[in-house]
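Descriptive analysis of the structure
Below are the chains, spelled out letter by letter.
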Amino acid sequence: MKPGIAFFDFDGTITKKDTLLEFIKFSKGLPLFWFGFAVCSPWILIWKLNIISNQAAKEKVLSFFFRGMKIETFEQLSLAFAKQKIPALLRTKAKAEIKLLQEQKFTTVVVSASPGNWIEPLAREYNMPVIATTLEIKDGLLTGKIASKNCHGTEKVRRIKEQYDLSIYQTVYAYGDSSGDVPMLQLADKAFMKPFRDHQ
């Protein structure tokens, strides 16, 4: 058997902030960021009231900011964001935990509801595969929709099981910080909720 595998949520667990929000600020600027969320606020409210799904609300936001953008432009912005902004958002304790587990020969995996576009460049530096939300593209343009399902809640578990045979690992760890991570945490032998919150 392999020594172990550890699944890490990204936003709020490895990072100090939600990277989708930070990416929108980075790519669109603060005035448009605040205007866009004012426009989208009714959809966010009815999501909070459990009237629409997390995915439906997220697609409203993605559509406002990115529908019609060339995927090449989006990828360039994602790479710039990954290089210029994400390193300062990483929690020191999370980085240390990843390094420790890798030294113990664990497979370490990022599992995120955010698009993988800006997570993957950074994750490659840490030798971590990424399971993340994929954005829909048609004719080279973002549609504002999510391809398949948002990688959140039970979808995280489905995607993990689709890609990994957990029975071949001696132990399974999972790290998260929100209700959307609970199904993934329940999958693990050892689960950690908000383990790095008191650390920068």
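Residues numbered from 1 in each chain as written. Predicted model: local features only at pLDDT ≥ 70, side-chain atom pairs only at ≥ 80, totals over all residues. Heavy atoms only, no water.

Thoughts on the pattern of salt bridges
Worth spelling out the cut-off: Counted as salt bridges are all cases of a side-chain nitrogen of Lys or Arg within 4 Å of a carboxyl oxygen of Asp or Glu. The helix count covers DSSP runs of H or I at least four residues long, the strand count covers runs of E at least two residues long, and both are numbered beginning at the N terminus. Type-normalised accessible area, obtained with a 1.4 Å probe on protein chains alone, sets the label of each residue: buried when under 20%, exposed when over 50%, and partly exposed for intermediate values.
Inspection of every chain in the model, using the stated rule, returns 5 salt bridges. With its nearest N and O atoms 2.6 Å apart, the salt bridge here joins Lys-156 to Asp-181. On the criterion of sequence distance, the pair formed by Lys-156 in helix α9 (residues 154-163) and Asp-181 in the loop between β5 (172-176) and α10 (182-187) is long-range, its members being 25 residues apart. In this structure, Lys-156 and Asp-181 share a single accessibility class: buried. Here Arg-158 and Glu-162 are joined by a salt bridge, their closest N and O atoms 3.3 Å apart. Residue Arg-158 and its partner Glu-162 are both found in helix α9; the two are separated by 4 residues, about one turn of the helix. Through salt bridges that share partners, Asp-9, Lys-156 and Asp-181 make up one connected network.

Observations concerning the sheet that holds strand β4 (residues 141-147)
Heads up, the rule is: Note on pairing: two strands pair once DSSP finds at least 2 bridges between them. Interaxial angle, 0 to 180 degrees, is taken between N-to-C directions of lines fitted to C-alpha atoms, where a helix line uses only the stretch in contact.
As summarised here, the arrangement of the 6 strands in space is β4-β3-β2-β1-β5-β6, forming an open sheet in which the pairing is mixed. Edge positions in the open sheet fall to β4 and β6 (190-193), since each of these has one partner strand only. Across the sheet, the axes of successive neighbouring strands diverge by a mean angle of 25°, strand direction being ignored. Note that strand β3 (residues 130-138) and β4 share 4 bridges and pair antiparallel.

Here we look at the packing of aromatic side chains
In plain terms, the rule: Two rings belonging to Phe, Tyr or Trp (six-membered ring only in the last case) form a pair when the distance between their centres is within 6.5 Å. Interplanar angles under 30 degrees mark stacking, angles over 60 mark edge-to-face geometry, and anything in between is tilted. When the NZ atom of lysine or the CZ atom of arginine is within 6 Å of a ring's centre and also within 35 degrees of its normal, the charge is said to sit over that ring.
Scanning all chains against the criterion turns up 21 aromatic pairs. Summarising the aromatic geometry, the rings of Phe-33 and Trp-34 are spaced 4.9 Å apart at their centres and angled 80° between planes, so their arrangement reads as edge-to-face. Arranged with centres 5.7 Å apart and planes meeting at 65°, the rings of Tyr-173 and Phe-192 form a pair that is edge-to-face. Of this pair, Tyr-173 sits in strand β5 while Phe-192 sits in strand β6, and the two are 19 residues apart along the sequence. Since its relative accessible area comes to 13%, Tyr-173 is described here as buried. Aromatic rings pair up to connect Phe-23, Phe-26, Phe-33, Trp-34, Phe-35, Phe-37, Phe-64, Phe-65, Phe-66, Phe-74, Phe-81 and Trp-118 into one cluster. The ring of Phe-33 is capped by Lys-25, whose NZ or CZ atom sits 5.2 Å from the centre of that ring. If you follow Lys-60 out to its NZ or CZ, it ends over the ring of Trp-43, 4.0 Å from the centre.

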